[in-house]
Amino acid sequence: MLIKNRRRWEISENDVTSESIFFNRRRFLKTSGLLVAGIGTGLVAGCDDGAEAETVSGALSDPNAARYPAPRNANFTLTREISREEVTSRYNNFYEFGSHKRISGAAQALEIRPWQVVIDGDVDKVLTLDADDLISRMPLEERLYRHRCVEAWAMAVPWTGFPVAELVKLANIKSGVRYLRMETFHNPDVATGQNEFWYPWPYVEGLTIEEATNDLAFMVTGVYGKPLPKQFGAPLRLSVPWKYGFKSVKSIVRFTFTKERPVSFWEDINAAEYGFWANVNPEVPHPRWSQATEELLGTGKRVPTQLFNGYAEEVAHLYTGNETMLYR
Ligand SMILES: Nc1nc2c(c(=O)[nH]1)N[C@H]1C(S)=C(S)[C@@H](COP(=O)(O)O)O[C@H]1N2
Ligand SMILES: [Mo]
């Protein structure tokens, strides 16, 4: 289909609703009571404790808030400085809210509570869980990770979360499962970028089961010692730091275990540029970005890029004997 082959830089950024319109709309919804009325109407399985408190504004509060900052896992440290929160929280890729970096204001319109998560596919029993409930069952820890976008910028952040392997354990998967498919929410009323019909919404990403259960694969629930801000992909966002950033899917609503390799969002748009594997590799240039070096956000410094983004020791064994995995 011709329209799908439109490149990112050809897409107009002017049709994104401005922040002020967003906030005015929210204010209208709040004062008219519509926003409050919309909360809590979805009966969510597994969310039966009724303990969620309502704040004055009508938004539900985070029952896991007291668990931040979580204890830091010393196995995951960095040899570079942590990127400044003021920079990383205002420079984000989240196409649901616009095809540019200044989406942090618009992303605040996303209601993350209640948030239903489905675990389905080749599992013993389909699970429908409330995200807060899921997180409350998981061991939270802090890890210092690199993040490397295919656009050749990089950051280093203290994520809080739990190993994806814990979620795989909870899912009780059947034998023969080979992939984990993850899907972002779909709500064009709130995420105006999803009205840009030439994108294959909702955003989808996938990993092999071996990748998903590798110790580095992390399900992020917080950052900088606090629950995750919306622009970073609250309430559940993946981090697979040895792969290009687009693999780290945000605001997940569905985990599907399958025998078939999922087609990722960017792979669907342009498989030659954004393949399924997307392992960071300085020797394989992207048509628009040499991958040899990267800019550290907020510093103006460029540094050499490393194979697997510096995580070869942890993950190289996953790809031995298959060259294509080192390509795209
Ligand atoms: N749902 C969704 N997830 C997404 C994206 C997106 O547009 N939508 N962008 C990806 C890309 S390209 C990158 S680099 C990271 C950016 O994460 P950050 O904004 O928290 O730095 O999120 C990834 N996850
Ligand atoms: Mo990215």
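Here the structure is a predicted model, which is why all the values come from computation and not from measurement.

On to the side chain of Asn279. Along the chain, Asn279 turns up in the loop between α8 (265-269) and β11 (293-296). At 3.3 Å, the side chain of Asn279 forms a polar contact with the side chain of Trp242. Within the structure, the side chain of Asn279 is placed 3.1 Å from the side chain of Lys243, a separation counted as a polar contact.

Spatially, β2-β1-β10-β5-β6 is the arrangement adopted by the 5 strands of the open sheet, whose pairing is mixed. Unpaired on one side and paired on the other, β2 (127-130) and β6 (204-208) mark the two borders of the sheet. When strand polarity is set aside, the average angle formed by the axes of neighbouring strands in this sheet is 15°. Summarising the sheet, strand β1 (residues 116-121) and β2 pair through 4 bridges and their orientation is antiparallel. Bridge pairing in β2 links Val118 to Thr128. On top of the sheet, helix α6 (residues 164-171) reaches β1, β2, β5 (179-184) and β10 (252-258); it is set at about 65° to β10, its chief contact.

Scoring rules and cut-offs
- Residues numbered from 1 in each chain as written.
- Chains lettered and ligands numbered in written order.
- Predicted model: local features only at pLDDT ≥ 70, side-chain atom pairs only at ≥ 80, totals over all residues.
- Heavy atoms only, no water.
- Helix = DSSP H or I, 4+ residues; strand = E, 2+ residues; numbered from the N terminus.
- Polar contact = N/O pair within 3.5 Å; in protein donor to acceptor, adjacent residues only side chain to side chain.
- Pairing = 2+ DSSP bridges.
- Axes fitted to C-alpha atoms, helices over the stretch in contact; angles between N-to-C directions.
- Contact = heavy atoms within 4.5 Å.

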